[in-house]
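Here is how the chains run, residue by residue.
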Amino acid sequence: MRKTTALRAAAAATAALLTATACSSQRGQNDQSTAAGGACKGQQTTGITDKTIKLGGVYPLSGPASAYGTISKGVAAYFKYVNAQGGIDGRKVEFVVRDDGYQPPKAVEETRRLVEQEKVFAVFQTLGTPSTAAVWDYLGRQKVPQPFVATGASVWGTDDRHPWTIGWQPNYVAEARVYAKYLKDERPKAKVAVLYQNDDFGKDLLGGFKKAVAGSGVKVVAEESYEVTDPSVSAQMASLSRSKADVLLDVTTPKFGSQALAADAKDTEWNPLHILNNVASSAAVLQPVGFKNVQGVVSATYFKDPADPQWADDPEVKTYRDALHRYAPDADPANQFNAYGWAVASSLHKALDAMKCPTREGLRDAVRNLKDVKVGMLLPGVTMSTGPGDAFPLETMQLMRFKGERWQLFGKPVDTREEFGPLTK
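Predicted model only: the values in this text are computed from it and were never measured.

Asker: What is the right way to look at the overall build of the protein chain in this model?
Answerer: A count of helical and extended segments in the protein chain gives 14 helices and 13 strands. Its C-alpha radius of gyration of 21 Å places the protein chain within 12% of the 22 Å reference for a compact globule of 425 residues. Residue pairs at least 24 apart in sequence account for 71% of intrachain contacts in the protein chain once pairs closer than 6 positions are excluded. In the form shown here, the protein chain has an accessible surface area of approximately 17,100 Å², with 49% of it arising from carbon and sulfur atoms. In the protein chain, 51 side chains carry a positive charge and 46 a negative one; their mean positions are 3 Å apart.

Asker: Would you mind going over unusual backbone geometry with me for this structure?
Answerer: Generally, phi is negative for residues other than glycine and the peptide bonds are trans, each holding for most cases. In the Ramachandran plot, lysine 119 falls in the positive-phi region, its phi being about 55 degrees despite a non-glycine side chain. Tracing the backbone shows lysine 119 in the loop between helix H3 (104–117) and strand E3 (122–126). For lysine 119, a relative accessible area of 25% translates into the label partly exposed. Positive phi, normally seen in glycine, also occurs at lysine 244, with a value near 60 degrees. Tracing the chain through its elements places lysine 244 in the loop between helix H8 (234–241) and strand E8 (247–251).

Asker: Got a minute to help me understand helix H7 (residues 200–213) in this structure?
Answerer: Think of an α-helix as turning once every 3.6 residues; residues three or four places apart then point the same way. Under the 1.5 Å per step criterion, the end-to-end length of H7 is 20 Å for 14 residues, consistent within 8% with the ideal 20 Å. Among the 14 residues in H7, 10 count as buried, and that is most of the element. Of the residues making up H7, those classed as buried are Asp200, Phe201, Gly202, Asp204, Leu205, Leu206, Gly208, Phe209, Ala212 and Val213. The N-cap of H7, judged by a side-chain oxygen 3.1 Å from the amide nitrogen of phenylalanine 201 a few residues on, is aspartate 199. One or two residues past the end of H7 sits glycine 215, with phi positive at roughly 85 degrees.

Asker: Is there a simple way to think about the sheet that holds strand E2 (residues 92–99) in this case?
Answerer: Two strands in a sheet stick together by hydrogen bonds in their backbones, pointing the same way (parallel) or opposite ways (antiparallel). Ordered in space as E2-E1-E3, the three strands form an open sheet in which the pairing is parallel. The open sheet is flanked by E2 and E3, the only strands paired with a single partner. Neighbour to neighbour, the strand axes of the sheet diverge by 25 degrees on average, direction disregarded. Sheet topology note: the strand E1 (residues 52–59)/E3 ladder contains three bridges and is parallel. Within the sheet, the bridge partner assigned to leucine 55 lies in E3 and is alanine 122. Running over the sheet, helix H2 (residues 71–84) touches E1, E2 and E3 and is turned about 165 degrees from E2.

Asker: Would you mind going over the nonpolar core with me for this structure?
Answerer: Nonpolar side chains tend toward joint burial in soluble globular proteins. Judged by nonpolar contacts, the single largest core of 94 residues is most densely connected at Phe79, Phe148, Trp168 and Phe209. Here the element with the most residues in this core is helix H12 (residues 336–353); it accounts for 10 residues. Two domains share this core, each providing at least three of its residues, namely domain 1 (43–170 + 303–394) and domain 2 (173–301). Residues Ala107, Leu114, Leu139 and Val144 belong to the second largest nonpolar core, which totals 13 residues.

Asker: Looking at this structure, how should I read the UniProt feature "domain: Leucine-binding protein" (unreviewed entry) in the protein chain?
Answerer: UniProt's entry tags residues 52–403 with the feature "domain: Leucine-binding protein" (unreviewed entry), counted in the numbering of this structure. For residues 52–403, the helix share is 39%, the strand share is 18%, and the end-to-end C-alpha distance is 45 Å.

Asker: Is there a simple way to think about the packing of aromatic side chains in this case?
Answerer: Here the distance between the centres and the angle between the planes together describe a pair of aromatic rings. Per the stated rule, a full pass over the model turns up 19 aromatic pairs. Ring centres of tyrosine 59 and phenylalanine 95 lie 6.5 Å apart, and the angle between their planes is 80 degrees; this geometry places the pair in the edge-to-face category. Taken together, the positions of tyrosine 59 in strand E1 and phenylalanine 95 in strand E2 put the pair 36 residues apart, joining distant regions of the chain. With relative accessibility at 0%, the residue tyrosine 59 sits in the buried group.

Asker: Would you explain empty space enclosed by the protein in this entry?
Answerer: Summary: where empty space remains is shown by rolling a probe the size of a single water molecule over the atoms. Across all of its chains, the model carries four cavities of 30 Å³ or more by this definition. Roughly 270 Å³ of internal volume is contained in the largest cavity. If one sorts the elements of the lining of the largest cavity by residue count, H12 sits on top with three residues. Per-class residue counts for the lining of the largest cavity are 14 nonpolar, 10 polar and one charged. A domain-level breakdown of the lining of the largest cavity finds at least three residues from each of domain 1 (43–170 + 303–394) and domain 2 (173–301). Estimated volume of the second largest cavity: approximately 60 Å³.

Basis of the calculations
- Residues numbered from 1 in each chain as written.
- Predicted model: local features only at pLDDT ≥ 70, side-chain atom pairs only at ≥ 80, totals over all residues.
- Heavy atoms only, no water.
- Helix = DSSP H or I, 4+ residues; strand = E, 2+ residues; numbered from the N terminus.
- Rg over C-alpha atoms; globule rule 2.2 N^0.38 Å.
- Contact = heavy atoms within 4.5 Å.
- Areas by Shrake-Rupley, 256 points an atom, 1.4 Å probe, with all protein chains shown as cover.
- Lys, Arg positive; Asp, Glu negative; His and termini not counted.
- Charge placed at Lys NZ, Arg CZ, Asp CG, Glu CD.
- Buried < 20%, exposed > 50% of the residue type's maximum accessible area, 1.4 Å probe, protein only.
- Expected span 1.5 Å × (residues − 1).
- Polar contact = N/O pair within 3.5 Å; in protein donor to acceptor, adjacent residues only side chain to side chain.
- Pairing = 2+ DSSP bridges.
- Axes fitted to C-alpha atoms, helices over the stretch in contact; angles between N-to-C directions.
- Core = buried A, V, L, I, M, F, W, Y, C linked by side-chain atoms within 4.5 Å.
- Domains from an automatic or database assignment.
- UniProt positions renumbered as here; feature names shortened; annotations may be inferred.
- Phe/Tyr/Trp six-rings, centres within 6.5 Å; stacked < 30°, edge-to-face > 60°.
- 1 Å grid on protein atoms, 1.4 Å probe; cavity = no way out; pocket = protein on both sides within 12 Å on 5 of 7 lines; lining within 4 Å.
- Points joined across faces, edges and corners; volume = space filled by probe spheres on them.
- Nonpolar A, V, L, I, M, F, W, Y, C, P; charged D, E, K, R; others polar.

This is the structure:
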């Protein structure tokens, strides 16, 4: 399978480090891993016993993408809540979090620490496309599951050489298809300017959008990229403004999404429909800009927004709010990133319950054999499904528009599998 430039760069950046430690890592695996017996004979049980299961996660608790760090609080709160109920199939969960600062070499270092020192059962949640790409070869060689990575890059579902790694959230191409359908239906002659992050994340969504609007009256008329090391995107926004496009597709991470929204609000001579990608759509990103300045912004989602009054009496949202107050009192329940953490942890719970063997191989196989699995925090109509030839657990999203002080859903959920067909290599 052809990898994109950013994936190759991430791999190259860490190849020397991984090569230098490959022998010792393999020796550590052979010397210290444990195996199951009976029907599961020979399968790995490192990190799991009859009473405990140890999971590791790598998040940017610092650095340019630190806004995502709070996801780990939502995850941890879920596991603490479950532990208080007796655990997962009687096993108490220990969740070990490491900080990579959104730097691939650091992600390698922290992932190796989780595997070789902490002896985790699985590396649940590496966040970001570059960091995930930097470690999936290593985890594959170590035969350690890397389930539900916190990135929507389509490669996690189309690649068939890394069976130990799988995504969770709707992939960026699926998300792009939702925006393309909306514009083709509502603004069939739209002229679109695009701001995107210059890595696999940004290029994946942009490429998916271009392909989805090909042959229609919707045209991309201007593009500007930025690097995660850039101090701001003000110059890029000024350039896009000169295009006079009537739609701005904003493909950014939180820091730069907030900057783009602020620049758009400040530019009174340009008033495009602002479409903000999901990974920057948390109210915590919009609030610094001023809610009055982001009215009408459009995005898409797949899980319940705890700030939306329509879910006030929803049993799962109420449980989430109560658990977050108890187990993560410094975390804001209204922050969608915390809700994301709860939702993905709950999804992993479902996969762990579905294991035929309580082993690493059992989890690897379970996440690739999900059949319309319902998760309480997901929107109605959104379920997890995987199987032969389909390694994308979630591919349904619903549009939302910012009004007042919160997002409001509109339209119907779009199942991109049915609407556009399966995503292939």
